[in-house]
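# A structural walkthrough
Listed below, chain by chain, are the residues.
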Amino acid sequence: MADQTPSATPSRSRRWFLGLGAALGSALAACRPTQAPPLEPRALGAPISPYGSRSRFEKATRFFRPTTIPEEASSRTPLGDTYGIITPSSLHFERHHGGVPDIDPATHTLTIHGLVERPIVFTVDEIKRLPSISRIFFLECSGNSASEWKGAAEVDVQRAHGLTSCSEWTGVWLSTLLRECAVRPNGTWILAEGADACKLARSIPIAKAMHDVLIAYGQNGEALRPEQGYPLRVIVPGWEGNVNVKWVRRIKVLDQPAMTRWETSKYTDLLADGSARQFTFDMDAKSVITRPSGGDRLAGAGIYEVTGLAWSGRGAIARVEVSADAGRTWTDATLQEPVLPRAHARFTWSWRWDGRDAILQSRCTDDTGYVQPPRTDLVAVRGLNSNYHNNAIQSWKIAADGSVTNGNV
Ligand SMILES: Nc1nc2c(c(=O)[nH]1)N[C@H]1C(S)=C(S)[C@@H](COP(=O)(O)O)O[C@H]1N2
Ligand SMILES: [Mo]
């Protein structure tokens, strides 16, 4: 990883320092250092507690639409209210096709069978005795940003792009388990199946399964949340959310993909000519500005930190550029450390708003050299039949009164 010490750019920071009071207006200028704010009476605070909670002043929640079948639904991460790159587990987006099962880890097992020399039924405790790893990866539903594909233009960043989250996952490499079972030479695919009511099952090529797929039991330092697949889930770094099978109970080694409904009628991308892209596993590089974003209101001309997230299923983010004039000119944003492969990366950009209409956009490049495309380029190759895999450049419109709305047209 790169040097962690803050970079020393005295001339630049000094200029910001001198400009800041004026830029923020009277709020800062009035704040002359005289004495510390008066202390409240010294009443005792709340007592210690067995499990943490957030301040009652914090209101961010997962958004979802009321539906007749809430078990077959999704909720979204409030991206505009998160900091850094880790999504709090309580705000991780959810996508369930058959509700959240209530699984006792003492009785749950993972069976590996099919084209192996030694089929094995693993208990959760047995998996936890094996060498563990922790890695930070994003997880994005391929249906994320679908509203923006045909111009539905959702009102805020959560509704438009909140089907992506990023966690530190802890577990064992799937390769460790597969080696124990000794995959036969003709074992070229695996099928991973969940223990939920819909038994969601997806096929994954054995090369990926042996390379970097995790069987996770930990999320952000504690056990997986039930909504994320407790007690065991498959984490397939950089690949579409759907193949990250939750509540995994069975892995069968096959000599071909199983062609489940989840990879034929669903999660294929119907093209303009009626053919379909199938096994569109990789999530291509994408970025979105999270603040300011739809629903925010800027307090007047001056300096604002523009910030957002960028990620690529094919590697690490190498660069993020930001535009305030609908993509006519671009400036490099700052990437906050750490910038990790297949994880959200946080970018920031200090913007001096002149108080006039503006269109904010971000455009990322990953370390394969791939550049996030404009929506027109995507539609040109994919047509308008499918909503999946929309990684196009996104826009927020800033009006002269400071209001921020969806700028996608
Ligand atoms: N068993 C099972 N696994 C599943 C699903 C499901 O409904 N059942 N949903 C999939 C989809 S479509 C996505 S996008 C991700 C969502 O993971 P999350 O709910 O932890 O965000 O899980 C995938 N794995
Ligand atoms: Mo999904």
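In the block above lies the structure referred to throughout.
Now for a quick tour of the structure.

The next subject is empty space enclosed by the protein. For the structure shown, the criterion picks out three cavities of 30 Å³ or more. Volume-wise, the largest cavity comes out at about 240 Å³. Taken together, 20 residues make up the lining of the largest cavity; nearest its centre are R95, R233, G241, N244 and K246. Sort the elements by how many residues they give to the lining of the largest cavity and strand β2 (residues 94-96) lands first, with three residues. Residue composition of the lining of the largest cavity, grouped by class: seven nonpolar, seven polar and six charged. Volume-wise, the second largest cavity comes out at about 60 Å³. For the second largest cavity, the full set of lining residues is E140, C141, S142, N144, D282, M283, D284, K286, H389, N390 and N391. Split into classes, the residues belonging to the lining of the second largest cavity amount to two nonpolar, five polar and four charged. Shared between two domains, the lining of the second largest cavity takes at least three residues from each, and those domains are domain 1 (74-274) and domain 2 (286-406).

Below, the discussion takes up the sheet that holds strand β15 (residues 286-291). Pairing is antiparallel in the open sheet, where four strands are placed in the order β15-β16-β20-β19. The outermost strands of the open sheet, each flanked by one partner alone, are β15 and β19 (334-335). In the sheet, strand β16 (residues 302-311) pairs with strand β20 (residues 345-353) via nine bridges, with the strands oriented antiparallel. Each residue of the ladder has a partner; that of G302, found in β20, is W353.

Taken together, 21 residues surround ligand 1, and among them F93, H97, D196, R233 and K246 come closest. Between ligand 1 and the protein, one listed contact pairs an oxygen atom with a backbone N or O atom of R95 at 3.0 Å. In isolation ligand 1 has 540 Å² of accessible area, and contact with the protein removes 100% of it. A molecule is said to occupy a pocket when more than half its atoms come within 2 Å of that pocket's grid points, and by this definition ligand 1 occupies the largest cavity. When residues in the shell around ligand 1 are grouped by element, the largest group, three residues, is from β2. For the shell around ligand 1, the residue count by class is seven nonpolar, eight polar and six charged.

Another aspect to go through is the side chain of N244. Counting through the fold element by element, N244 comes out in the loop between β11 (233-235) and β12 (248-254). Setting aside chain neighbours within four positions, we find N244 in contact with L139, R233, V234, I235, V236 and W239.

Attention shifts here to the pattern of salt bridges. With the rule as written, the count across this model stands at 22 salt bridges. For E94, the salt bridge goes to R62, with nearest N and O atoms at 3.2 Å. Highlighted residues: E94 in strand β2 and R62 in the loop between α2 (26-29) and β1 (73-75), separated in sequence by 32 residues. When sorted by exposure, E94 lands in the same class as R62, which is buried. The partner of D332 in a salt bridge is R319, with the nearest N and O atoms 2.8 Å apart. Here D332 is found in strand β18 (residues 331-332), whereas its partner R319 is found in strand β17 (residues 317-323), with 13 residues between them in sequence. A single network of salt bridges, built from pairs that share partners, joins R319, E321, D332 and R363.

Thresholds, definitions, all that
Residues numbered from 1 in each chain as written. Chains lettered and ligands numbered in written order. Predicted model: local features only at pLDDT ≥ 70, side-chain atom pairs only at ≥ 80, totals over all residues. Heavy atoms only, no water. 1 Å grid on protein atoms, 1.4 Å probe; cavity = no way out; pocket = protein on both sides within 12 Å on 5 of 7 lines; lining within 4 Å. Points joined across faces, edges and corners; volume = space filled by probe spheres on them. Helix = DSSP H or I, 4+ residues; strand = E, 2+ residues; numbered from the N terminus. Nonpolar A, V, L, I, M, F, W, Y, C, P; charged D, E, K, R; others polar. Domains from an automatic or database assignment. Pairing = 2+ DSSP bridges. Near = heavy atom within 4 Å. Polar contact = N/O pair within 3.5 Å; in protein donor to acceptor, adjacent residues only side chain to side chain. Areas by Shrake-Rupley, 256 points an atom, 1.4 Å probe, with all protein chains shown as cover. Sits in = over half its atoms within 2 Å of the grid points. Contact = heavy atoms within 4.5 Å. Salt bridge = Lys/Arg side-chain N within 4 Å of Asp/Glu carboxyl O. Buried < 20%, exposed > 50% of the residue type's maximum accessible area, 1.4 Å probe, protein only.

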